[in-house]
Amino acid sequence: MRAPRLSARRLTFVSVMLAVTVGAVLATAYSLWRLREETIHSRFVAASMYAHAFEDHLTHSLNVIDLTLANIGGDEPTNLSLVAALRHAPYLRSLSRLDATGRIVASSDLRNRGKRIERRDFQPPGSEPVAVLRVGLPWSGRDFHDGDIAISAANEPGFIPLLRDLDTGEGQWATMLASMNSDYFLNHYGHNIAADVGAVELLRYDGVLMFSTDEAQRPGVRRDGDPVVAMVADATREEFGHFEQIRGDGRAVLTAFRSLSRYPFVIAVHLDKEHGLAGWRQEAARVVLLIAAALLGSLALACLYFVRLERAARQRDEAEAALRASEERFRAATNSASDAIVSVDANGDIVAWNPATERLFGYDGAELTGRDLSVLIPPRFWQDHRSGMQRLQAGGESHIMGRLVEVLGRRKDGGEFPLELSLAQWSTAEGRFYTGTMRDITQRKQQEERIRALLAELETIFKNALVGIAHLNNRCIVTCNRRFEEIFGYESGELIGASTERLCDSPEAFVAFGEHAYRAIADSGRYSEEIRLKRKDGSFFWGALTGCAIDPACEVGGSIWICADISERRQAEQESNKLLRAVEQSPVTILIVDRDGLIEYVNPRFTQITGYTREEAMGRTPRILQSGLTSPEVYDDLWRTIFGGKMWRGVLRNKRKTGELIWENVSISPIFDDNGAITHFVGVEEDVSERIRVQQQLEDHQAQLEETVRRRTAELTEALDAAKVADRTKDAFLANVSHELRTPLSAVIGLSGLARRLGSDPRQRDYLDKVMQAGKMLSSLINDLLDLSKIAAGRMEFESKTFGLRELLRRNYAVMSYKAEETGLELIENIDDETPDILVGDSLRLEQILLNLIGNAIKFTAKGRVEVRVGVHAREERRVALKIEVEDSGVGMSAEDIAHLFQPFSQADPSIGRKYGGTGLGLSICKRLAQMMDGDIDVVSREGRGSTFHVVLRLGLGQAVDMTSEVGEAEQATMRYRDAQVLVVDDQPFNREVVAGLLEVVGITAHMAGNGREALEILDRAGPTAFDLVLMDIRMPVMDGLSATRELRMRPGYAELPIIAITAHNMAHESEIGRDAGMNDQIGKPFDDKSFHRMLIKWIDRRKHVATRASSNRPAMAAVTAVAAPPSELPSLHGVDMEAGLARLVGDRARYRHWLVNWAGEAPAYLQQIRRHMDDRQEDQAGLIAHTLKGSAGLLGMGELQALAAALEAALENGEAAERQLADLQQAIGAMCAQIAQAFDLSAAAAQ
Amino acid sequence: MKTIVLFLSCLSFVSSCAVAGRLERVQEAKELRVCIWPDYYGISYRNPRTLQLTGIDVDLARELAKDLGVQVRFVDSSFAKLIADVVQDRCDIAMFAIGITPARAEKLRFTRPHLVSDIYAIATRSNRRIKEWADIDRPGVVVAVAKGTYHEPVMREKLKAASFLVTETPQGREQEVESGRADVFMTDYPFSRRMLETTDWARLIAPTTTYHLTSYAFALQPGDDPWHARVERFVAAIKSDGRLTAAAQRHKLEAIVARD
């Protein structure tokens, strides 16, 4: 198919080429021929023009010569005139004049004269003179003188004679002759026509050649056959013309001739034909060459073009075939494409589409043909579509070509769906077209929406994650969530772009972590590590880092790191590990089973005890341990208990793997989950086989022992009874000894004081002072010994009562400052504000310690000050360690002294006792007391620089409800028992007054009875519920307290009435005696207000006497403060412990004064009564009065008097002679009364 | 005796006045009179169409006047009148390529030559008798020279066979040759250039070897040493400073510049 087409094409091509070539050759030949003809013609024209010009020139010259000859000839010219006429006439050689004979008679060249000229040689012929110019035959030579008419042999032009006859008038003719210079004309002609171009010849009409530029042509030769001559001779012919001829030498010439109109000359111009055609020939050669070259070139180009056409045609054929195949494939591809492909023309009309388009838009067949594209577009976008098409047409939307855009499509049914559109533009001869490739992206959009939601979700997670999340690249933070920054303590955004080095523990850790972490990520894609990290503030914490590459295949993609602060977890793990280790290393067996009883965990001890390995035990039930010796009821109880959520304890008879039996003490507890549901049980089992074995052995022994014990018990019971009797006897003995020691000691002290006052001998007084001091010291020693014996026997009891520390200190200060003032010292008390006020403990013992230390300080300080500092040493949960420092500026102590300071019976210096008194037991007791209060006492001291005692005591912290303080105990009582009814039974008015005063403080009005009988009568009258409390002295006249109590208890309704003994005996056995008699409690005289009030609080029925706080206006407090107002009006009285006395009257100095004065008024009367009873041998009555005196003296602080009265009482009770004691008492009372009278100016008062 | 001395003093004074006077007079008059031959093509030629003077010696005369700080005035002269014009003080100097001939040297004082030329023949182009230099000195040949030119004595002496024709004017020799009455006329290099350039009939026939060299120079009155020295200094100057060469090139005469 292809070959014939090619052949035809080639044939056609060859034919065309041939035709073109032939045509070109013919045309060229014709043109060259035409050019040759034109060249010849132009040569003829040129020859004619030359001929014409030369003829003109020659005619003009001949005219001039004719005129010259005519002009000069008429006047018979001379030689000179002829010479002059030659000037400016180069065409003449000479001018001459002939005579009638033809001889030259005159000439411009003198050498011509005499030369004869024949007229017959001239033309026009004629012998008659005519006034015309005649032309002679050419001459050779320079002029007539050396020339000849013959044809010149020499090749020289010679000259031409010209003859002119002229009429001189009157029939006379003159003849002039000129020799015309041929050379002049030849020069002129030769100048125009070079010898090789042609030749110019001048012929005379008769055919004689005048001259020729052709040097071969000899002048004078007659050219008879010359066609020019022939033409000129023929009168009918033209006088000018041209023709071609072959010259004698065979050369072809183009001849133009022209005859002169007035002169017999004809000029012939011969142009060499070959020369004339030389240019044409050259031109023709060039043209032929050019045309041949052009033709060949054209042919070559045509061939080349043809070849290329052939190739193009072949390629086109192949391309067409390929195109057809491609079209087939394209159509197939397009038809099978899942994307819709629609082509529209420039108007937007659909011109092509693929089946996918029909499927996508719901059209079928040719429905789309010629339809506007807008059928596929929702109507609301039509306007945009049309303007878009216009912009496309204008080329303004070219940038969207090839780009993917998302648009909405419209199905035939009107449904809209998202499309991804790609536009392409193409052009054909028919115009511009646009093809859109569209893909339904509904699913993708949905996916994108899902992805967007997912991203938002992830973003939310990212932002709110409880762990830090960071995207790192090159170990720098690309982005991170807020939590990440919070973990590291950075502000929002502060970490973006930062290197993670700042987050690492150290640069080395950063490098090390980078090396192994990123290698691990490169290997496995992820990496986790718990690492110590650094916060912005420089603090460190443990973080769990988990990193993974975003794209493991792409390193530069960076990595995502999750960071959690696991400090707490690590701590918990450590705790957990600790617990686990505890469990693992526990000396008891621990196992955990699930609800089905399957073992999930056993500790190593289990393996040791049972012989089962952990692997053997796991998954099995603890029944493997059952020996079968434990009753099923035990197990039932066990399961019931633990499923009931309780712990089961018991001893189980189990067996080892080896079958060996063991006893195990088992505790099984349920383990609950957060919902309280039981998930597991933990069993703790202790191998008690050995213990039980021992126990059994013990039991065996016990059985033997029991027998022995039973046997011995009887013996011991008897011994115990005996011991109890002995103990009671010992206590009574000790109390009695104490009493008995104190009583005479009081007498010794009191009487030595009296004796000293009465005596005048200084030595005697000194002795008495020493006796008194020794007595006091002994009394103090006895008290201390009693304390010490209690401490040693472990019988020292501590109260646990709420008290106000500050009130205690205030009171203490009041007492001690008085003492300090006596010695001229300053007592300073500083209480730290932080010190708690409400404390729980034994305030008496605290006070004892304080008084002892402060007393010592005052005692050992001659001048200066004593400072007491109270503060908190340490706080505990419910206690406070109170810190008390007592600093003095006294004598101080050496290190050696300090070493023995707190040992009993030791004083720093034996002389101290002598100088300062004291038993040396005080500090020892204080230290024991402090130690028993979980504290201690130590001292810092230097000799001569004073001492500082540091006391630490631990006391309970009081509760808010105990806000009532010390003052407050009274206050508390006041508020509670304002209306309480209390009966005070004492034979001593002063005693009653004291008690009444104390009751009054708390708002209680006391009812008084002088003895037990009176009390019974009052109670009978009032009834059993009238009184809330009875305070009863033991020893009274008429009926003592014990008897009255026994009797009262026997009466109906009085069993519950609280009866408190008021006793001077302060021994435990006395209280037992009181309790035996039916008394509820006892309070020892001289009692202080605190213990008195505590007693009240303790015994008065609260329910019955709750006082309303609203009605309480605290009159007692007002009273107390009122009487406490004048503080320093009490003068010092010898033998009176005003401190103690004042304390008993709650610091009421006025009242104290009152009772001192009162006592001074009554005491002499009591002495008289004693005297009288002694005289009447009524020793018991006398003793009773002495007792009363003793009590009142003790209450008022008259230690010496009390001792003297006690001595008298003792003597009277014992039936001994009491005169001496009475005398001593009288003396002492007299001195005291005198002292009181003097001190309070009683005479003035009495006078009034 | 005193009278004789006085006379001699006066004589010497007059003489010195006369000699020294040329240069001073030129400077006083602020004018340099220069004799030229206005038909001397290339040397001192007055173009008949414009009357402008051109030529190498016209240029050099202007240069001399410029060097002297004076105006130049050209005085028409010719070779025939040369000596008379110079000696008779019609000009201060003759500057038209004056060939140094013994006859002239007797009357005039020449500067050192600035041009040097051989002798050339001019024939008509169509003259069949004279084809080459050797054809000149033959019997029947007529050789024309202008009267007063140095060719006249030279050719008179040199020609042996040819006829010798002396014309009164330079134009005469041309007319003789053109009308065929003479075959050639003899001239120098500058004039031969004129013939070839201004006529269509003239043909140059050059000697095949050196025929007769003639040096051209400026001519002064004899005896005026300062003036002569001054002009000589000028000649030396134009030769050394290139003015001579430049002028020769302007007038196509560089072939005949005399180089020292």
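Residues numbered from 1 in each chain as written. Chains lettered and ligands numbered in written order. Predicted model: local features only at pLDDT ≥ 70, side-chain atom pairs only at ≥ 80, totals over all residues.

Another aspect to go through is the overall build of chain B. When helices and strands are counted, chain B shows nine helices and 14 strands. Residues classed as buried in chain B amount to 43% of the 260 residues present. The contacts in chain B between residues at least 6 apart in sequence include a share of 69% that link residues at least 24 apart. (Helix = DSSP H or I, 4+ residues; strand = E, 2+ residues; numbered from the N terminus. Buried ≥ 20, exposed ≤ 12 C-beta atoms within 10 Å, placed from the backbone. Contact = placed C-beta atoms within 7 Å.)

Further remarks concern the overall build of chain A. Of the regular secondary structure elements, chain A holds 34 helices and 37 strands. In chain A, buried positions account for 34% of the 1248 residues. Taking the intrachain contacts of chain A between residues at least 6 apart in sequence as the baseline, contacts between residues at least 24 apart amount to 58%.

With that settled, the discussion passes to the sheet that holds strand 36 (residues 1059-1063) of chain A. The strands making up a sheet are joined through hydrogen bonds of the backbone, oriented either antiparallel or parallel. Residues and elements named next belong to chain A. In spatial order, the strands read 34-33-35-36-37; together these five strands make up an open sheet with parallel pairing. Only two strands of the sheet have a single partner each, and these edge strands are strand 34 (1005-1009) and strand 37 (1081-1084). Along the sheet, successive strands turn relative to each other by an average axial angle of 25°, direction set aside. Bridge count between strand 33 (residues 981-985) and strand 35 (residues 1029-1033): four bridges; the pairing is parallel. (Pairing = 2+ DSSP bridges. Axes fitted to C-alpha atoms, helices over the stretch in contact; angles between N-to-C directions.)

Before going further, it helps to spend a moment on the sheet that holds strand 13 (residues 404-410) of chain A. Residues and elements named next belong to chain A. Pairing in this open sheet of five strands is antiparallel, and the strands run 12-11-15-14-13 from one edge to the other. The open sheet is flanked by strand 12 (350-353) and strand 13, the only strands paired with a single partner. In this sheet, adjacent strand axes meet at a mean angle of 35° when their direction is disregarded. Pairing between strand 14 (residues 416-428) and strand 15 (residues 431-440): 10 bridges, direction antiparallel. Its bridge partner lying in strand 15, S427 is registered against R432.

Counting from both sides, the interface comprises 13 residues of chain B and, opposite them, 15 residues of chain A. Of the residues in the side of chain B that touches chain A, the class split is one nonpolar, six polar and six charged. (Nonpolar A, V, L, I, M, F, W, Y, C, P; charged D, E, K, R; others polar.)

Residue and element names in this part refer to chain B. Of all five residues in strand 10 (residues 142-146), four are buried, a share of seventy percent or more. Handedness of the crossover joining strand 10 and strand 11 (residues 163-167) through helix 5 (residues 151-158): right-handed. The sheet contact formed by strand 10 and strand 12 (residues 184-188) spans two bridges and is parallel. Paired with A144 across the bridge in strand 12 is F185. (Right-handed = clockwise from strand over helix to strand, strands pointing away.)

Let's shift gears to the environment of A294 of chain A. Tracing the chain through its elements places A294 of chain A in helix 5 (residues 273-336). Here the alpha-carbon distance between A294 of chain A and A24 of chain A, two residues 270 residues apart in the chain, equals 9.9 Å.

This part is about the packing of helix 31 (residues 1179-1196) of chain A against helix 32 (residues 1199-1213) of chain A. Residues and elements named next belong to chain A. Where helix 31 meets helix 32, the axes come as close as 8 Å, and the angle between the chain directions of the two elements is 160°. With respect to helix 32, the element helix 31 is oriented roughly antiparallel. Of the two elements, helix 31 crosses helix 32, and the hand of that crossing is left-handed. Judged by residue contacts, E1179, A1182, G1183, A1186, H1187, L1189, K1190, A1193 and G1194 of helix 31 engage L1201, Q1202, A1205, A1206, L1208, E1209, L1212 and E1213 from helix 32. (Parallel < 35°, antiparallel > 145°, perpendicular 65-115°, else oblique. Left-handed = near helix turned anticlockwise from the far one by under 90°.)

This part is about the packing of helix 30 (residues 1149-1175) of chain A against helix 31 of chain A. Residue and element names in this part refer to chain A. It is at 9 Å that the axes of helix 30 and helix 31 come closest, and there the two elements cross at 160°. On the basis of their axis angle, the class for helix 30 and helix 31 is roughly antiparallel. Crossing hand, helix 30 versus helix 31: left-handed. On helix 31, the residues that touch W1155, L1156, W1159, A1163, Y1166, Q1169, I1170, H1173 and M1174 of helix 30 are E1179, Q1181, A1182, I1185, A1186, T1188, L1189, S1192 and L1196. Of the residues assigned to the contact of helix 30 with helix 31, the class counts are 12 nonpolar, five polar and one charged.

Note on strand geometry: in a regular strand, side chains alternate between the two faces of the sheet. Residues and elements named next belong to chain A. Across the 11 residues of strand 4 (residues 159-169), eight count as buried, placing the element largely inside the fold. Strand direction decides the pairing type here: strand 3 (residues 133-135) and strand 4, joined by three bridges, are antiparallel. Paired with V135 across the strands is L162, a residue of strand 4. Of the strand pairs in this sheet, strand 4 and strand 5 (residues 172-181) are connected by 10 bridges, and their pairing is antiparallel. Following the sheet pairing, F159 is matched in strand 5 by N181. Connecting the antiparallel pair strand 4 and strand 5 is a turn made up of two residues, with E170 showing a positive phi of about 55°.

Residues V982, V1030, L1031, M1032, I1060 and L1208 of chain A are the most contacted members of the largest nonpolar core, which totals 79 residues. Once residues lying within four places of it in the same chain are set aside, the contact partners of V982 of chain A are L999, I1004, A1006, H1007, F1027, D1028, L1029 and L1031 of chain A. V116, I136, F191 and L220 of chain B belong to the second largest nonpolar core, which has 70 residues in total. (Core = buried A, V, L, I, M, F, W, Y, C linked by C-beta atoms within 7 Å.)

Residue and element names in this part refer to chain A. Going from Q123 to P124, the amide bond is cis rather than trans, its omega being -5°. Position of P124 relative to the elements: it lies in the loop between strand 2 (104-107) and strand 3. Phi angles above zero are rare outside glycine, and N474 is one such case at about 55°. Its place among the elements puts N474 in the loop between strand 16 (468-473) and strand 17 (476-480). One non-glycine residue, D934, lies in the positive phi region at around 60°. Here D934 is to be found in the loop between helix 21 (922-932) and strand 31 (936-942). Judged by C-beta crowding, with 14 C-beta atoms within 10 Å, D934 ranks as partly exposed.

Residue and element names in this part refer to chain A. Of all 11 residues making up helix 21, eight are buried, and the element is well covered by its neighbours. The complete set of buried residues in helix 21 reads G922, L923, S924, I925, C926, K927, L929 and A930. Directly beyond the C-terminal end of helix 21, a positive phi value near 60° is found at D934.

Next up on the list: the confidence of the model for chain B. Any region with low pLDDT has predicted coordinates that should not be read closely. With 92% of its residues at a pLDDT of at least 70, chain B reaches an overall mean of 86. Under a pLDDT of 50 for its full length, residues 1-20 of chain B has, in the predicted model, five contacts with residues more than four places off or in other chains. (pLDDT = per-residue confidence, 0-100.)

A word on helix 8 (residues 442-464) of chain A. In this model, helix 8 of chain A (23 residues) spans 32 Å end to end at C-alpha, consistent with the 33 Å of a helix rising 1.5 Å per residue. With zero of 23 residues buried, helix 8 of chain A is to be regarded as a mostly surface element. (Expected span 1.5 Å × (residues − 1).)

All names here are of chain A. Within the element layout of this structure, L373 appears in the loop between helix 6 (355-361) and helix 7 (382-393). In this structure L373 comes out as buried when scored by C-beta crowding, with 22 C-beta atoms within 10 Å. In contact with L373, other than residues within four places in its own chain, are V342, V344, G348 and I350.

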